[in-house]
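Topology and contacts: notes
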Amino acid sequence: MDVAYLIATVVKIVIILLVFSALAGFGTYFERKVLAFMQRRLGPMYVGPYGLLQIAADGIKLFTKEDIIPANVVKPIFKIAPVITAATAFMAAAAIPFMPSFTIGGYEVKPIVSDINVGLLYIFGVMGVGLYGPLLGGMASANKWSIISAARSAAVFISYEVVTGLSILAPVMMVGSLSLIDFNNWQIENGWIVMYQPLAFILFWIAAFAETGRTPFHLVANDHEIIDGFGTEYSGMRWGLFFIGEYANMFFISFVIPLIFLGGFGEGTFVDGLLFFGKMAFFFFFFLWTRAAWPDVRPDQLMWLCWKVLMPLAVINVVITGIVMM
Amino acid sequence: MFEAISFYLFSFLVIASFWVAVTTSQALYALTALAAGMILISGFYFTLGADFLGAIQIIVYSGAVLALYAFGMMFFDTTREVKEKKPNKAIVTTLAVLAAVLTVAIVAAPIVSQNIVALYPSVESVGNTQQIGVVLFTKYLVPFEVAAVMLLVAMIAGIVLAGKKMDISLTKLSESEIEKQNAEELV
């Protein structure tokens, strides 16, 4: 292991952390604007041109707000829970190739922190651990809304891991590898996987909403029935960390879906790179679009959808893929 | 050098988390420490180049410990300390020491007899997902299938135990129907 590799890796990690923490901030701005336009409002307008500096205002507010830790909570767990959400979101990014590789001054840069050969498993494992944040925050809060939210996050966690895993299994069988770079290369030769696996694509997309806890599966923190769920007792930057984790997860999942199903960054020319970011942006936008267009489902409907619709479909899909491949 | 750093770092973290898991009397600490320890163990697998096992360790144990959290949520107020019933200390200590010695003996036996040979040494060009697949479906086919049958049995048992009245959804019934049902149950 040489020094150049070490330096390159540290630089990549720092860049990913900085870019995606900032993007999480911009994500909140995009969300407000998109929701506002879809609901015929203007959204944030007063701070800066078109409300662009709203992010800075929010950041200052979150950073300087008093960090209240209520008397009856389990303090260490309560304090560490938001960090788990944010940290695991960024850890999952280690195995995602964000761009095609390019050369600067004769040194080839691969925009992936570590191309481990089980990249996909690693990403979903670590993203799954991210649900420990809401779970622990909810259980440590000594608040009834929070504990309901924790119970729901456990239920979502156990159920939708199954759908994600099974829906991804069929593409993995076709490609024969778990590395996202291999997925990309396979699709250059054989065309986009979504053409062979449309069902897996839809199932995975639906499960992505549950994994990131977005509407219509936002029951972990449903404002109208359980206040803010696990976030009820949090304030200041600890609450902000939950937010950063959620938005970072949305961005990472928006990178992963095109990489697996929609050809990724292809052969890695400049146009391909731009197209890749376009696909990513569409999936991120779709998260916001869904939030504007759909109501939340009830917990029992969520479980019904997972175990009686999505999981059987995923299993059938895997079986059919297996038969066709034999 | 990186391997050494990673080994000692993860050793310290894993032992520390399991130590917390064993000694604390607060359910939430114990569960969280257990989850942390289980997930940190994957660090060793990654260091050794067994990426597949590392990722599986994270996925399986984070899900498994989660079931324990669910039990914790149902049975305790997890924000309060659990009052433990302390049985005879001498017996507990003796049993704990014996168990520890036995574990060390079992793990250390191959090292002492210098009999550690990799039965299936890893091949550089093949990813270790494929290697595990090949070994599972050739040499260890029978244990693998037995495990599958056991899981099937557990699943059927789970369905039988939990499946009573599964076709009735309380959310779809009206209040009067629910009351009627409760009355029938009481009779």
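Residues numbered from 1 in each chain as written. Chains lettered and ligands numbered in written order. Predicted model: local features only at pLDDT ≥ 70, side-chain atom pairs only at ≥ 80, totals over all residues. Heavy atoms only, no water.

With respect to the packing of aromatic side chains
Residues and elements named next belong to chain A. In total, this model carries 35 aromatic pairs over all chains according to the counting rule given. Seen from their ring centres, phenylalanine 243 and tyrosine 247 are 5.3 Å apart, and the 35° between their planes marks the pair as tilted. One end of the pair, phenylalanine 243, and the other, tyrosine 247, are both in helix α11 (residues 236-261), four residues apart, so they sit about a helical turn from each other. When the ring of phenylalanine 276 is compared with that of phenylalanine 277, the centres are 6.0 Å apart and the planes differ by 45°; the resulting orientation is tilted. (Phe/Tyr/Trp six-rings, centres within 6.5 Å; stacked < 30°, edge-to-face > 60°. Helix = DSSP H or I, 4+ residues; strand = E, 2+ residues; numbered from the N terminus.)

Things to note about the interface of chain A and chain B
Across the contact, 31 residues belong to chain A and 29 residues belong to chain B. Roughly 2500 Å² of surface becomes buried between chain A and chain B when both sides are summed, with 76% attributable to carbon and sulfur atoms. In this assembly, chain A and chain B are joined by one residue pair in polar contact (both at pLDDT 80 or more). Residue assignment for the side of chain A that touches chain B shows that the elements contributing at least two residues are α3 (75-92), α4 (119-129), α5 (132-140) and α6 (144-175) of chain A. Here the element with the most residues in the side of chain A that touches chain B is α6(A); it accounts for seven residues. (Contact = heavy atoms within 4.5 Å. Buried area = accessible area lost by both parts, 1.4 Å probe. Polar contact = N/O pair within 3.5 Å; in protein donor to acceptor, adjacent residues only side chain to side chain.)

Describing the side chain of A:Thr290
Summarising the element assignment, A:Thr290 is placed in helix α12 (residues 270-293). Taking relative accessible area as the criterion, A:Thr290 reaches 9% and is therefore assigned buried. (Buried < 20%, exposed > 50% of the residue type's maximum accessible area, 1.4 Å probe, protein only.)

Considerations on the confidence of the model for chain B
Residue and element names in this part refer to chain B. Looking at chain B, pLDDT values average 82 and 90% of them are 70 or higher. Element-level pLDDT for chain B is lowest in helix α7 (residues 175-186), with a mean of 78, against a maximum mean of 90 in helix α6 (residues 141-162). Predicted complex metrics record ipTM = 0.79 and pTM = 0.83. (pLDDT = per-residue confidence, 0-100.)

Remarks on the domain arrangement of chain B
Here chain B is partitioned into domain 1 (1-84) and domain 2 (140-187). The straight-line distance from the C-alpha centre of domain 1 of chain B to that of domain 2 of chain B is 31 Å. (Domains from an automatic or database assignment.)

Observations regarding the nonpolar core
Counting residues in hydrophobic clusters, the biggest one holds 104 residues, and the most contacted among them are A:Tyr132, A:Tyr160, A:Ile260, A:Phe261 and B:Tyr69. In terms of residues, this core owes the most to one element, α11(A), which gives 14 residues. (Core = buried A, V, L, I, M, F, W, Y, C linked by side-chain atoms within 4.5 Å.)

Some remarks on α3(A)
Compared with the 26 Å implied by 1.5 Å per residue over 18 residues, the 27 Å span of α3(A) between its first and last C-alpha is a close match. At A:Ala81, α3(A) shows its largest bend, some 30°, and a proline, A:Pro82, comes one to four positions later. Listed in full, the buried residues belonging to α3(A) are A:Ile77, A:Phe78, A:Ala81, A:Pro82, A:Ile84, A:Thr85, A:Ala86, A:Thr88, A:Ala89, A:Phe90 and A:Ala92. In this structure, the buried side of α3(A) is in contact with α1 (3-38), α4, α5 and α11 of chain A together with α2 (27-47) of chain B. (Expected span 1.5 Å × (residues − 1). Bend = angle between axes of the 7 residues up to and from the residue.)

Notes on the pattern of salt bridges
All names here are of chain A. This model, assessed by the stated rule, comprises five salt bridges over all chains. For aspartate 67, the salt bridge is made with arginine 238, and the minimal N-O distance between the two is 3.0 Å. Pair noted here: aspartate 67 is in the loop between α2 (54-64) and α3 and arginine 238 is in helix α11, with a separation of 171 residues, a long-range link. Salt bridges here are not isolated pairs; linked through shared partners, they connect Glu31, Arg214, Glu246 and Arg291. (Salt bridge = Lys/Arg side-chain N within 4 Å of Asp/Glu carboxyl O.)

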